[in-house]
Amino acid sequence: AVVSTQSTGKRINLSSIALAMPKFGGAPKCHTCEKSVYMAEELKALGKIYHKVCFKCTRCEKKLTPGMETEHDDKPYCKNCYGKAFGPKGVGTGATAGCLATDEGGSSESKFKNTHTGNKKIVISNQEKCHRCEKTVYAAEKMIVLNKIFHKTCVKCNSCGKVMPAGDVLEHDDEIYCKSCYANEFGPHGKN
């Protein structure tokens, strides 16, 4: 029997809910564990009643979110497991699931061939080079100190080799120094 509610006007199939209801009163039974389900732990999905903890993928047992599940033979599955178990049988799974294998012709050669000969090299120009080591500097490792580009690990004192933060760097004759080495070598009592 199908009934519509007065407040929302939604149509409800009573036969699917009636199956979960006990015959002589009490709480409805969980579709998975067949134990009583009380209101606080009730979850309705796929036209059935479950405990919240029992509503999980039949194959991998991952907890499912109502509306994000699929069903096969009256059992819930996550979309991943459903696709692997009941989806198209192909060359692979996931991204290659649409590449179906066929038994036609007996030839194992692909109809789709890579025509790229591979004799051209791609050259990326305008790469920034580190002021110290002169190797390419990528964005994740880039540090600009005194208007020069460095790798973060290359910002080190020319005398003692200590790696420095950008604010502690001093320059002399196009080389960088920490404050103490700069003061020792080029300060009032150091070299000229």
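Let me begin by describing the structure that accompanies this report. Since we're looking at a predicted model, the values are computed, not measured. In every chain, residue numbers begin from 1 and rise along the written sequence. Where local features are concerned, this predicted model is filtered to residues with pLDDT of at least 70; where side-chain atom pairs are given and counted, the filter is 80 or more; whole-chain, interface and lining totals use all residues. Side-chain numbers here rest on the full set of heavy atoms in the structure, without hydrogens or water.

1. A word on the pattern of salt bridges
Part 1: For this document, the term salt bridge refers to a Lys or Arg side-chain nitrogen within 4 Å of an Asp or Glu carboxyl oxygen. Counted by the stated rule, this structure contains 8 salt bridges.
Part 2: Note that K48 is salt-bridged to E71, the shortest N-O span being 3.1 Å. Of this pair, K48 sits in strand β4 (residues 48–51) while E71 sits in strand β5 (residues 69–72), and the two are 23 residues apart along the sequence.
Part 3: Remark: exposure states derive from per-residue accessible area (1.4 Å probe, protein chains only) relative to the maximum for the residue type, with buried under 20%, exposed over 50%, and partly exposed in between. Among the residues examined, K48 registers a relative accessible area of 15% and is labelled buried. Per the convention used, a helix needs a DSSP run of H or I reaching at least four residues, while a strand needs a run of E reaching at least two, with both numbered from the N terminus.

2. Describing the packing of aromatic side chains
Part 1: Only Phe, Tyr and Trp rings take part, Trp by its six-membered ring, and two of them pair if their centres are within 6.5 Å. Stacked means planes under 30 degrees apart, edge-to-face means over 60, and tilted covers everything else. If you walk through the whole model with that rule in mind, you get 5 aromatic pairs.
Part 2: Note on Y50 and F55: the rings are 4.9 Å apart at their centroids and 55 degrees apart in plane angle, and the pair reads as tilted.
Part 3: On the basis of relative accessibility, which here comes to 0%, the residue Y50 falls in the buried class.
Part 4: Ring geometry for Y177 against F186: centres 5.1 Å apart, planes inclined by 70 degrees, an arrangement best described as edge-to-face.
Part 5: Members of the aromatic cluster, connected to one another through ring pairs, are Y77, Y82 and F86.

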